[in-house]
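# Commentary on secondary and tertiary structure
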Amino acid sequence: MASKLFYEDVEINMEVPPLTKETSTRLSVLWAGASGDYDPTHYDVEYAKSRALPHSIINGRLIVAFIMEMMTDWIGSRGWINKLQCELRGMHIVGENLICRGKVVGKYIKDGQQLVECEIWTEDPQGERKARGTAVVSLPCRS
Amino acid sequence: MGEESLITEEMRASIGKVFQIAVNVVERGMLKRYVEAIGDTNPLWQDEEYARKTEYGGIIAPPSLVATIYMRGGSMRNSMPFEMPLKRGVDSGAEWEFYKPIRVGDVIVTLRKWTNFYEKKGRLGPMIFYIGELSFINQRGELVAIERDTHATY
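Notes on the structure follow. Bear in mind the structure is a predicted one, so any value in this text is a computation, not a measurement.

### Quick notes on the overall build of chain B
When you go through chain B residue by residue, the secondary structure sums to three helices and five strands. By residue count, 50% of the 154 residues in chain B fall in the buried class. Relative to all contacts within chain B whose residues are 6 or more apart in sequence, the contacts with residues 24 or more apart total 69%. Working note: accessible area of chain B is about 7,400 Å², and carbon and sulfur atoms make up 51% of it. Each charge class in chain B can be summarised by its mean position, and for the 20 positive and 21 negative side chains these summaries are 2 Å apart.

Below, the structure is given as structure tokens:
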């Protein structure tokens, strides 16, 4: 977190340092308490199966939180997420690792801000893409 | 859509109307519980000494806090001041724009607006999509973030 990312250091196709999260029923329960969303789909396997799901699944908003964590870890305290869009497509099964990834797809200066555009997504342990979207962050200049 | 439309007059009448769905005081303990739950160890959300030296001058909330159900006014039903024709829902994602940091002690008001509803035949039968927007406003009247969301029901 102490690392400082500057606009000048960013190149197209650069990888955002990935963030791997271990998941568990305990995590889902912690998340329920912290977020206020007690939907049992995320921590009760029997209930999830009664809703035609293969297993309990990670809350979509928690997936978003992990993606945002990856981005704020990368950009540091002087960077800012201007915009982040995320489509929740596939499911992440509780108990499986969830890997957040990102790649720089553009950089430009607009309205006096140094902006970097990234493709962002999550993968399951088999490398299958689940949530996906884009993020625009603003970064400080070296000069 | 014709006469078979599931979208009611009551729903149509709500399009474009802005209404308040939540007021949250951002407490230190709530923030601590939140970042510990997700396992986000960024000192900007936790370490007062570290955060004081940043340009924020103190702890701020991680951006994802606005995506939690507290900040979004509880269940989707609270966002819908009308009878929902289809009851089962799925969160299909959203888009956020962030304008200002949220600090400990801030009082955040959440406003809901629906911009469009549309119907589609899905794998599981008829579906209604709700397209809307949430605005998060602090006690100084500043817009801190917006969320544009799509909620599918079937």
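Structure's up, so let's keep going.
### What to know about the sheet that holds strand β2 (residues 89-98) of chain B
What the 10 strands build is an open sheet, ordered β1(A)-β3(A)-β4(A)-β5(A)-β2(A)-β2(B)-β5(B)-β4(B)-β3(B)-β1(B); its pairing is antiparallel. Two strands in the sheet have a free side with no partner beyond their single neighbour: β1 (15-21) of chain A together with β1 (18-25) of chain B. Strand-to-strand twist across the sheet, computed as the mean angle between neighbouring axes with direction ignored, equals 20 degrees. Two elements, strand β4 (residues 125-137) of chain B and strand β5 (residues 143-153) of chain B, share 10 bridges in a ladder whose sense is antiparallel.

### A look at the environment of Val29 of chain A
All names here are of chain A. Topologically, Val29 is positioned in helix α1 (residues 25-35). Residue classification places Val29 among the partly exposed positions, given a relative accessible area of 45%. Taking the C-alpha atoms as reference, Val29 lies 9.9 Å from Asp39; in sequence the two are 10 residues apart.

### Digging into the pattern of salt bridges
Once the charged atoms of two side chains with opposite charge are near each other, the side chains can pair. Residue and element names in this part refer to chain B. For the structure on display, the rule yields 23 salt bridges over all chains. Among the salt bridges present, the one from Asp149 reaches Arg112, with a minimum N-O distance of 2.9 Å. Residue Asp149 is located in strand β5, and its partner Arg112 is located in strand β3 (residues 107-122); the two are separated by 37 residues in the primary sequence. For Asp149, a relative accessible area of 2% translates into the label buried.

### Re the packing of aromatic side chains
Throughout the structure, instances matching the rule amount to eight aromatic pairs over all chains. On the basis of an interplanar angle of 40 degrees and a centroid distance of 6.4 Å, the ring pair of Trp80 of chain A and Tyr56 of chain B is categorised as tilted. In this pair, Trp80 of chain A sits in strand β2 (residues 80-87) while Tyr56 of chain B sits in the loop between α3 (48-52) and β2, so the two residues belong to two different chains. Judged by relative accessible area, Tyr56 of chain B falls into the buried class, the value being 13%. Aromatic side chains Phe82 of chain B and Tyr130 of chain B sit 6.2 Å apart centroid to centroid with 5 degrees between the ring planes, which places their arrangement in the stacked category. You can see Phe82 of chain B sitting in the loop between α3 and β2 and its partner Tyr130 of chain B sitting in strand β4, a full 48 residues away along the chain. Geometry around Trp121 of chain A places Arg129 of chain A over its ring, the cationic atom sitting 3.7 Å from the centre. Of note, Arg112 of chain B hangs over the ring of Trp114 of chain B, and the distance from its end group to the ring centre comes to 4.0 Å.

### A closer look at the pairing of β2 of chain B
Judged from the five bridges that link them, β2 of chain A and β2 of chain B form a sheet pairing that is antiparallel. The residue bridging Leu84 of chain A from the neighbouring strand is Trp96 of chain B, located in β2 of chain B. Direction of pairing for β2 of chain B relative to β5 of chain B: antiparallel, over a ladder of eight bridges. By the bridge assignment for β5 of chain B, Asp91 of chain B is matched with His151 of chain B.

### Looking at the pairing of β3 of chain B
The two faces of the sheet receive side chains in turn, since in a regular strand these alternate between them. Residue and element names in this part refer to chain B. Where β1 and β3 come together, seven bridges link them in antiparallel fashion. Opposite Asn24, over in β3, you have Ile108 as the bridge partner. Where β3 folds back on β4, the antiparallel hairpin that results is connected by two residues.

Cut-off values and rules
Residues numbered from 1 in each chain as written. Chains lettered and ligands numbered in written order. Predicted model: local features only at pLDDT ≥ 70, side-chain atom pairs only at ≥ 80, totals over all residues. Heavy atoms only, no water. Helix = DSSP H or I, 4+ residues; strand = E, 2+ residues; numbered from the N terminus. Buried < 20%, exposed > 50% of the residue type's maximum accessible area, 1.4 Å probe, protein only. Contact = heavy atoms within 4.5 Å. Areas by Shrake-Rupley, 256 points an atom, 1.4 Å probe, with all protein chains shown as cover. Lys, Arg positive; Asp, Glu negative; His and termini not counted. Charge placed at Lys NZ, Arg CZ, Asp CG, Glu CD. Pairing = 2+ DSSP bridges. Axes fitted to C-alpha atoms, helices over the stretch in contact; angles between N-to-C directions. Salt bridge = Lys/Arg side-chain N within 4 Å of Asp/Glu carboxyl O. Phe/Tyr/Trp six-rings, centres within 6.5 Å; stacked < 30°, edge-to-face > 60°. Lys NZ or Arg CZ within 6 Å of the ring centre and 35° of its normal.

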